[in-house]
Amino acid sequence: MASKTTIVLVTGASSGIGNACATHLAKRGYRVYGTCRNPSSYVKKADEFFEMIGMNATDDQSVAKAIAAILAAEGRIDAVVCNAGMGISGAVEDSDLEAIKLQMDTNFLGVVRVVKALLPSFRQAGSGRFIVMSSMAGVVGMPFQAFYSASKYALEGFIESLRYEVRSFGIGACLIEPGDFRTGFTAARRPSLPEGSPYADLYASAMGVQVRDETAGHDPMEVAKLVQSLIEARRER
């Protein structure tokens, strides 16, 4: 790592993979800003040596304000880990359109907002790295998580396209595609299963397997260590 302190923004840092990334990087000497929707109600653990700030990934002004505040305080941001996200589950036929919109707005457009807010400063600095949390569900469609998969597939195309646009400015962009990890994401997933749904038995069977695999999944710290290696790796020209 360079001798100067590396400034990293981690979105969705209140729990799970985002929290592991922010905690791990801060312990290793990075200057880390994490985000969550309500930092005033967030209680940091003793080993969380990063600063938590407010940001709602679905709100243009909230994203712009959070990034502007870090740039004003630090003068730059060297890398961002776009991790903020949420999940819904349910059959396509059963899923509520408003929940679908929230899924796409959070997981896909939330990343777009962060990228667009940071690109001017990255470009002017001639450096910067976008590390975006996709999922294996962005590579292989998941039954009863069609819209979560769709949001992650969208990120795949977006970031792969972005890489070509920005690499001549010294900016890197990459995706991480985690499989099953033990996080609060499993319990926070928002189900849609109306009474009498013809998909009830199939849903229970498929989601039961997914919940079991996630609960017995890997430690999020594995992703945090990968994130550190991506930040410290020489950027591909």
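In what follows, the structure referred to is the one given above.
An account of the accompanying structure is given in this report. (Residues numbered from 1 in each chain as written. Predicted model: local features only at pLDDT ≥ 70, side-chain atom pairs only at ≥ 80, totals over all residues. Heavy atoms only, no water.)

**Brief notes about the overall build of the chain**
Assigned secondary structure in the chain consists of 7 helices and 8 strands. Computed over C-alpha atoms, the radius of gyration of the chain comes to 18 Å, within 12% of the 18 Å expected from 2.2 N^0.38 for 237 residues, which places it in the range of a compact globule. Projected onto its principal axes, the C-alpha coordinates of the chain cover approximately 60 × 40 × 30 Å. By residue count, 47% of the 237 residues in the chain fall in the buried class. In the chain, once contacts between residues fewer than 6 apart in sequence are set aside, the share between residues at least 24 apart is 71%. (Helix = DSSP H or I, 4+ residues; strand = E, 2+ residues; numbered from the N terminus. Rg over C-alpha atoms; globule rule 2.2 N^0.38 Å. Buried < 20%, exposed > 50% of the residue type's maximum accessible area, 1.4 Å probe, protein only. Contact = heavy atoms within 4.5 Å.)

**Topic: empty space enclosed by the protein**
Within this structure, the stated rule accounts for 1 cavity of 30 Å³ or more. There is about 40 Å³ of room inside the largest cavity. Of all the elements, helix 3 (residues 97–125) adds the most residues to the lining of the largest cavity, at 3 residues. Its residues placed into classes, the lining of the largest cavity shows 6 nonpolar, 2 polar and no charged. (1 Å grid on protein atoms, 1.4 Å probe; cavity = no way out; pocket = protein on both sides within 12 Å on 5 of 7 lines; lining within 4 Å. Points joined across faces, edges and corners; volume = space filled by probe spheres on them. Nonpolar A, V, L, I, M, F, W, Y, C, P; charged D, E, K, R; others polar.)

**What to know about the environment of V112**
Relative to the helices and strands, V112 resides in helix 3. With 118 residues separating them in the primary sequence, V112 and L230 have C-alpha atoms 20 Å apart.

**Some words on the pattern of salt bridges**
Within the structure shown, the criterion is met by 10 salt bridges. Across the salt bridge formed by K101 and E98, the nearest N and O atoms sit 3.5 Å from each other. One end of the pair, K101, and the other, E98, are both in helix 3, 3 residues apart, so they sit about a helical turn from each other. On the basis of relative accessible area, K101 is assigned to the partly exposed category, the value being 47%. In this structure, R189 engages E214 in a salt bridge whose closest nitrogen and oxygen atoms are separated by 2.5 Å. One end of the pair, R189, is in the loop between helix 5 (185–188) and strand 8 (190–192); the other, E214, is in helix 6 (residues 200–215), and 25 residues separate them in sequence. (Salt bridge = Lys/Arg side-chain N within 4 Å of Asp/Glu carboxyl O.)

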